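# A structural walkthrough
The residues making up each chain are set out below.
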Amino acid sequence: MFYNKKTAETRASTEKHFLQNVYKFQGLCCSFASLLYKGKLIFKFIPVPESLKPMFRTCLRSIFSFFAVLLLCNFTAIAAPDGKALFMSNCASCHNPLKESTGPALQNIDKTFPSKEWGYKWIRNSAALIAAGDKTAVDIFNKYNKTAMTAFPSLTDEEIDAILKYVDEYKAPAAPGGGAAGAAQGQPGVTDSNGWLYTVITLSLLMLVVILWRANHGLRRSANEKDGVPNEKEIPLYRSKLVIAVTAILIFILSGYWLVNGAVNEGRQQNYQPLQPLYYSHKVHAGINQINCLYCHAGAEKSRQAMIPSSNVCMNCHKQIKEYTGAAEHPLKTAEGKEVNGTEQIQLLYKYAGWDPVKKDYNRDEKGNILATPIQWVKIHNLPDHVYFNHAQHVKVGQVQCQQCHGNIEEMDEVYQFAPLSMGWCINCHRQTEVQFTNNNYYSIFTRYHEELKSGKRTKVTEAELGGMECQKCHY
Amino acid sequence: MSQKQYWSDLQDLSNIATKTEVAEHEFKEELPFDLSDSVFGANTPRRDFLKFLGFSTLAATIVSSCEMPVRKAIPYAIKPEDITPGVPNYYASTFIDGGDFCPIVIKTREGRPIKVEGNEMSSITKGGTSARVQASVLNLYDKARLRHPMADGKEATFEAIDRVVKEGLASKQAYLLTCSILSPSTTEVVAQFIAKYPNVKHVVYDAISYSGMLQANEASYGKRTLPTYHFDKAATIVSLGADFLGTWLSPVEFSKGYSHGRKISAKNPVLSKHYQVESIHTITGAAADDRATCRPSEMGLVAVALYNAVVNGTAPSLASANLNKLITAAAADLKKGNGMVVCGSNDVHVQIVINAINDKIGANGVTVNWVTTSNYRQGVDKDMTDLVTAMESGQVGTIMMHGVNPAYDYVDSKKFVAALSKVPVTVSFAERMDETAQKCKYIIPDHHYLESWGDAEPKPNYFTLMQPGIAPLFKTRAVQDSLMAWMDAGQTYAEYWKLYWTTRLSGQANFDKALQDGVIEPAGEMANGALAFAGNIGEAIAAVQAKKAGTGVEIVVYQKVAIGHGGAWSNNPWLLEMPDPITRAVWDNYLCVSPKRAKELDAELTGFTEIETKKRVASIKGANGVTIAMPVIVVPGMHNDVVAIATGYGRDKMVGRAAASDATKGGKNAYPFTAYNGLTVDYFSPVTVTKTAEQYEVAILQTHSSYEARPVVHEFTLEEFKKDPKALQKERGSEIGHYAQVPWIEEGKEAHHEGGEHIANPEMEDGYREHGTLYPNHPYEGLKWGMSIDLNTCTGCGACVIGCMAENNISVVGKYHALRSHEMHWLRIDRYFSGNPDDGDTIQTVFQPMLCQHCDNAPCENVCPVSATNHSTEGLNQMAYNRCIGTKYCANNCPYKVRHFNWMDWNGADAFADNLFEDGRRDDINDDLTRMVLNPDVTVRSRGVMEKCSFCVQRLQEAKLTAKKAGRPLIDGEVKTACQQSCPSNSITFGNVNDKESEIYKLRKEEQQERTFYVLEHIHTLPNINYLSKIRNTSEIIAGNEKKDVMYTDHI
């Protein structure tokens, strides 16, 4: 299986990279366009004979409009709801596009809806439909063991469409062990090739500029020679004051950027994927076997710490499950590709837990205490000492899905740090996140906001408006 | 400006130059490099700058190029069912230190106690705590605690010691010497032990003896016990030298009761009347309405004079006119009923006179309860002297000592040590190597109370249970377990204790409930009743009058509120650094003298001021030949012929590093100045004081932050308040009223208002908030935190200071840095005197807790160049440490002087190891053991940042989260700040001001509107803390020396 840290990174941040590329490209377009528009400025740097100027301007204008169109396209692309992101944050904990999990497989599910509107209603509040006695709804409800689907009243029609579009277009990642593609390859390569395309276009355009400039330069020189006007002595590039100055400034800016960036990222460890003392696969447990996160991380709803389970929690199941039988469908491998024997790892767990699989009982000391030793996990998510983070606030109150910060943990054999855990990353979410304002009676004291919501003056209250971006929410 | 002039220290009244200098140079640190007038004219500033730049760049590079450390996340091997990491657990228990008692709730995180709070279910202390109770959790993690049993100074096993002791017990006369024992089950164990070994005698010895009272009560009522005092029911309280709010008997209980009678509002302007006669200046004296001083040897005569005035109406004829006046007035008030007289004297005859007065005024059964008595102290001095005599004569074969340290605090410790050497088997249960344990052959260290099972019966039928918050940290054993091992009981004390209580409470369910509550109390109000006085008053008066009052200088041995009698408290850095409420000095004891006496000693107003840290050292020679040299501290309000030294200092270095007395800190032992009068120990004796040429530095924190004499406290007499409750609001109105309207609207009307009065009211406050500034007004949605502090009930006891330290991981800086104004307390209690310093009787003292005022228009926020301090939507003045670059602009601009700069890495939070002091020394708090006390929810600050009160934001956040999880609004009173929770006199109210139903809202806008004021309100800082004016139930507020008050005339 092609699965290493590098690809993990690619997979985890494909979406982000795509967005970044888009932003960068937009920036490039903008600056290019504005540079061209200020034609006069250009002529200062690129001496063009007067006679050629009109033609040159026409060329420039067309280039400008080309970039402007590109830019506009970009914006429209950004404005459309991102089906994948929405799917991941809202649906992925219960649904898989292709496989049935807690809920049905979602691919082409919209084709089974009685109507598009029915689909919107169902997704926003299925319980209401069931309560209203809608036949289709009741059938689905009964089919899935009367497990109610979480209501998503905040999703707009466009967003639901985007999600459905995403799941319909979703293709299964290539089969594991297939070599090159790999399960970890993640989502469509389209985004990557997009970036590639833009880079190529940009580079070739730049080449074009240079070629035009050199050609123009040569033409002028030969024209001068022809007219008998003495040419200025040509200065080699490396001695050109302009070039030296620009290069120096560029180096200064780049090294400064690099230095500051390095300093800012000091202590951050996104994609950190250490080797753990025991090979525990979240994919096997949370993904394939669908164990609820909270079963082991019971603190997530109660405490600031999500809590790493002690080995006796593992033993609740592993007293019965003595060997790993899924090696055929899902062979366990480390990031380096080394094969891992799941059954051996279960035996290792027994050692930590103090379980004697032959006796089928714990080893105990003379006082009857279980002789267990804690597993010394390597801590992946490290926050600085001056940061206070509370899982309960996010999981229980904010109803944030684990995956939003921890990534597709149910797809990870070995866990890596998905999010940068930087302050900017936290703040960004706090800035946009809508508070479950009307559902929680705690917020009843914010009378003005409630009035404004009622009168339609506002549609939502964000975390930031309730002070979610203040220092002492996290630093005290 | 109120009618009264206050001075925070004597320099306010006289020597202005040094004071101004100190006020101007708040940060008197010198820069670490040469800096002359012009930076570029200096010798090498540029090069130095480059050097520092180079070094810091290099250091940063090296540090950052280090690899990220691999951190471990280790879960429980087997998770205890009731522990969720990150969620605190609370266990009801009981604080016991000898006879000191307080029902508590232990807060544990991941199984380690980190904070102690009062148990609100107790009807005795009602959730109050003291500084010592708050600090007791630090003692648990004291490095100086003994970690294993010892024999002859070497580690030994319990079994080996048990064998030897059992042999010893079987032979000669043996003694079990303990402090007062409140535990009924322990008393039972001792009784069984004595039944098994009939040659064992149990002697009770208290470091600070209440033998005089016990014996007097036996003589008067036939019961060797102490009554319960109902301060809440007393309309007149007369205290003769009893510091009942600070150190006497049960201060937490008394503070709760006392504050009940000190709560006053305009609607109900009733106040108890408190007369205090004392020799030194205590916090009880500061709270008193009328106060007079006398010699300690005169206290008996004062009691007799009061008796005569009450019974016969005889006018007192004591030397001091003030005293006579006070006694006449007090006697008149006592006769009105609901009176109470308490006395701190340890003289049997004096206490009989007090009993007689209480009997005559009908206090018994009303304010003095003889049915539900108190067990706080049981020691009788004669038993102890008899024991020492027996030991001296070689009759004693074995002595076992628990909770006592006579080698340090006995009246004649040398004699005790000599006698101890004649005892073959000496066993100590001391938890540390104290002065007595050092002299013992065997030491079996006892658990700390937070590791122990136990119980207490402070009053008959009032029980509290004690349960451990943590398993014993070291190889220690409970005293009871030792006794039970020696009598071959075959079970542990924990088992015995559980059986004892399940049987007594008849059933497991009842036991579980009691253990959860921590208290077992009879239903309804406490049974009250009187006993017939049967004392021989004539004989007592004769005996008192036979003792003539002294003539020369007398010394008083007193307890500090923080350190008390000594014991483990002497090694508690939190308490050592808690400023004494009256002297505001830390880390030392000293000789307290009155300003007049100090002038004679050439110590005061001659350069040896409170600002000048070097103090004149005086030599004190006691009647028994003891001579010690002590620095002189001037305390206004002391009797001119009295000097005083506090107990608990001058400890041996093995008691602990913080306690150790050396040339630079730690003070001297005061117990040698106590005297045995044949019946009881007197805590005073005649001395001669002579000045020496020596000097000694004492750190006094009062002068470290100056208001430059701006008025910050408001005080009225009860009479004035009743006559014109709005006086304060008028005063406020005249200051802020003009700014409460938009000027251009008022322009025409202003003339109309001329001569009229502005009376501050909530609308005016709102107007002032909005129009007193050019900036827009910020609305506060939902939550807005506010605090109110009642100056009338605040006694200055310091429980809040220590509560704050424990909650917020506040650093202890040590004496050297305290001298350099580096103290870190987020909450301090300012002390203001008024009156004539030369006449101790005229001194009136006010305490004002001062913490970050969380100003809505905060001067500190505007000047921070990096916006590290800013305002929250809940009205909190936030401090982001990790953003602070340490410019100290905020501290300079804070008018309240509540910001403290962190000069050193006090808590070992720095990335560089051993970066603490210049010499690489690391303090105990850097030890892994001591660090267990830190609150994991609060950042441990490193050096280079500003710190200040956060309104316990971690508690606010936790309470909000609890409410959110439950999907309900916050309940008023659900969240309490650490200071509020620790306060034994309910002086602090805290809550959401936006909630019109909240206590704080009602108090500010309705109930206490007349008394509400904000400190330095006129500068439009808009503080979120208000104070309630002090109302003294006295005929006059003694005016300060307005003429002499240079600061006042100069600045305003």
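Residues numbered from 1 in each chain as written. Chains lettered and ligands numbered in written order. Predicted model: local features only at pLDDT ≥ 70, side-chain atom pairs only at ≥ 80, totals over all residues.

## Quick word on the overall build of chain A
Put simply, the test is: Secondary structure elements are defined from DSSP: runs of H or I of at least 4 residues count as helices, runs of E of at least 2 residues count as strands, and each element is numbered from the N terminus. It is the C-beta atoms, placed from the backbone, that decide contacts: two residues are in contact if theirs lie within 7 Å.
Helices and strands together make up the secondary structure of chain A, namely 18 helices and 5 strands. Pairs at least 24 residues apart make up 70% of the contacts formed inside chain A by residues separated by at least 6 positions.

## A word on the sheet that holds strand S18 (residues 454-459) of chain B
Backbone hydrogen bonds are what pair the strands of a sheet, in a parallel or an antiparallel way. Residues and elements named next belong to chain B. Counted only if it meets this: When DSSP locates at least two bridges between a pair of strands, those strands are taken to pair.
Taken in spatial order, the 3 strands of this open sheet run S18-S19-S20, and their pairing is antiparallel. Strands with a single pairing partner mark the edges of an open sheet, and in this sheet they are S18 and strand S20 (519-520). Where S18 meets strand S19 (residues 462-466), 4 bridges bridge the pair, whose relative direction is antiparallel. Each bridged residue has a counterpart across the sheet, and for Ala456 the counterpart in S19 is Thr464.

## Overview of helix H30 (residues 953-966) of chain B
Stated precisely, the cut-off is as follows: Take the residue count of a helix, subtract one, and multiply by 1.5 Å to get its expected span. Backbone-placed C-beta atoms define the burial measure: a residue is buried with 20 or more other C-beta atoms within 10 Å of its own, exposed with 12 or fewer, and partly exposed in between.
The end-to-end C-alpha distance of H30(B) is 20 Å, a good match for the 20 Å that 14 residues give at a rise of 1.5 Å each. Considered for burial, the residues of H30(B) that qualify are B:Val953, B:Gln954, B:Arg955, B:Leu956, B:Ala963 and B:Lys964. On its buried face, H30(B) is in contact with helix H15 (391-397) of chain A together with strand S32 (785-790) of chain B. Of the residues flanking the end of H30(B), it is B:Gly967, one or two places downstream, whose phi is positive at about 65 degrees.

## Here we look at the sheet that holds strand S10 (residues 236-240) of chain B
Residues and elements named next belong to chain B. For the record, the criterion: Orientation is described by axes fitted as lines to C-alpha atoms, over the contacting stretch for helices, and by angles from 0 to 180 degrees between their N-to-C directions.
Pairing within the open sheet is parallel, and its 4 strands lie in the order S12-S11-S10-S13. Either end of the sheet is taken by a strand with one partner, and the two such strands are strand S12 (290-293) and strand S13 (339-343). On average, each strand axis in the sheet is tilted by 10 degrees relative to the strand beside it, whichever way the strands run. By the bridge criterion, 5 bridges tie S10 to S13 in an arrangement that is parallel. When the bridges of S13 are listed, Leu240 appears paired with Cys343. Sheet strands touched by helix H10 (residues 299-311): S10, strand S11 (273-278) and S13. Its angle to S10, the strand with the most contacts, is close to 150 degrees.

## Description of the confidence of the model for chain A
Residues and elements named next belong to chain A. Quick note on the threshold: Each residue carries a pLDDT score, the predictor's own confidence in it, on a scale running from 0 to 100.
Mean pLDDT over chain A stands at 78; residues scoring 70 or higher make up 76%. In this model residues 1-44 is a low-confidence stretch, pLDDT under 50, and it forms 71 contacts with partners more than four residues away in sequence or in other chains. Confidence drops under pLDDT 50 across residues 73-78; counting only partners more than four residues distant or on other chains, this segment forms 5 contacts.

## Side note on the domain arrangement of chain A
Put simply, the test is: Here the limits of each domain have been adopted from an automatic or database domain assignment.
As far as domains go, chain A holds domain 1 (5-79 + 190-234), domain 2 (83-185), domain 3 (267-421) and domain 4 (432-476). Centre-to-centre separation of domain 2 of chain A and domain 3 of chain A, based on C-alpha positions: 28 Å.

## Re the confidence of the model for chain B
Residue and element names in this part refer to chain B. For chain B, mean pLDDT is 88; residues scoring 70 or higher make up 90% of the total. In the model of chain B, helix H33 (residues 1046-1051) stands out as the element of lowest mean pLDDT, 34, in contrast to S32, which has the highest, 96. Counting contacts from residues 750-755, a segment whose pLDDT is below 50, to residues more than four positions away or on other chains yields 0 contacts. Long-range and interchain partners of residues 1040-1052, a stretch whose pLDDT sits below 50, account for 24 contacts in this model, where long-range means more than four residues apart.

## Quick notes on the pairing of strand S14 (residues 368-374) of chain B
All names here are of chain B. Of all 7 residues that make up S14, 5 are buried, and the element is covered over most of its length. When strand S9 (residues 226-229) meets S14, the two strands line up antiparallel, connected through 3 bridges. Bridging across to S14, Leu226 finds its partner in Ser374.

## A word on the interface of chain A and chain B
How we decide: Amino acids outside the nonpolar list (Ala, Val, Leu, Ile, Met, Phe, Trp, Tyr, Cys, Pro) and the charged list (Asp, Glu, Lys, Arg) are all regarded as polar, and Gly is one of them.
The interface is formed by 47 residues belonging to chain A together with 42 residues belonging to chain B. Broken down by secondary-structure element, the contributors of at least two residues to the side of chain A that touches chain B are helix H13 (311-318), strand S5 (377-378), H15 and helix H18 (447-455) of chain A. Class assignment of the residues belonging to the side of chain A that touches chain B gives a composition of 19 nonpolar, 20 polar and 8 charged. Pairing analysis gives 2 bridges linking S5(A) to strand S1 (residues 72-73) of chain B, with the strands arranged antiparallel. Counted as the bridge partner of A:Val378 is B:Lys72 from S1(B).

## What about helix H26 (residues 799-807) of chain B?
All names here are of chain B. Judged by how many residues are buried, H26 sits mostly within the fold: 9 of 9 residues are covered. Ala799, Cys800, Val801, Ile802, Gly803, Cys804, Met805, Ala806 and Glu807 are the residues of H26 that are buried. Those residues of H26 that are buried are in contact with strand S4 (112-118), helix H4 (131-140), helix H20 (573-576), strand S33 (828-834), strand S34 (844-850) and helix H31 (978-982). Looking one or two residues beyond H26, the residue adopting positive phi is Asn809, at roughly 50 degrees.

## Looking at the nonpolar core
Operational definition: We define the nonpolar core as any set of buried residues of the types Ala, Val, Leu, Ile, Met, Phe, Trp, Tyr and Cys, connected via C-beta atoms lying within 7 Å of each other.
In this structure, B:Val302, B:Ala303, B:Leu306, B:Val353 and B:Leu591 are the most contacted members of the largest nonpolar core, which totals 288 residues. Considering every element that reaches this core, the biggest residue donor is H10(B), with 10 residues. Leaving out residues up to four positions away in the same chain, B:Leu306 has contacts with B:Val238, B:Ile327, B:Ala330, B:Ala331 and B:Ile357. One finds A:Leu129, A:Ile130, A:Ala162 and A:Ile163 within the second-largest nonpolar core, a separate group that totals 15 residues.

## A word on the domain arrangement of chain B
Residue and element names in this part refer to chain B. Along its sequence, chain B is carved into domain 1 (150-209 + 379-520), domain 2 (211-374) and domain 3 (554-563 + 579-704). In this structure, domain 1 and domain 3 have C-alpha centres spaced 33 Å apart. Counting residues at the interface gives 14 residues for domain 1, matched by 13 residues for domain 3. The dominant element in the side of domain 1 that touches domain 3, judged by the number of residues it contributes, is helix H13 (residues 381-392), at 3 residues.

## Things to note about the packing of helix H12 (residues 348-360) of chain B against helix H19 (residues 537-546) of chain B
Each pair of packed helices can be summarised by the angle the axes make with each other and by the distance between the axes. Residue and element names in this part refer to chain B. Note the cut-off: For classification purposes, an angle smaller than 35 degrees is called roughly parallel, one larger than 145 roughly antiparallel, one from 65 to 115 roughly perpendicular, and anything else oblique. Take the far helix as the reference: if the near one is turned anticlockwise from it by less than a right angle, the crossing is left-handed, and if turned clockwise, right-handed.
Between H12 and H19, the least distance of the axes is 8 Å, while the angle of their chain directions is 135 degrees. On the basis of the axis angle, H12 is oblique to H19. For the pair H12 and H19, the sense of crossing is left-handed. Contact residues: H12 offers His349, Val350, Ile352, Val353 and Ala356, while H19 offers Ile537, Ala540, Ile541, Ala543 and Val544. A breakdown of the residues in the contact of H12 with H19 according to their chemical character gives 9 nonpolar, 1 polar and no charged.

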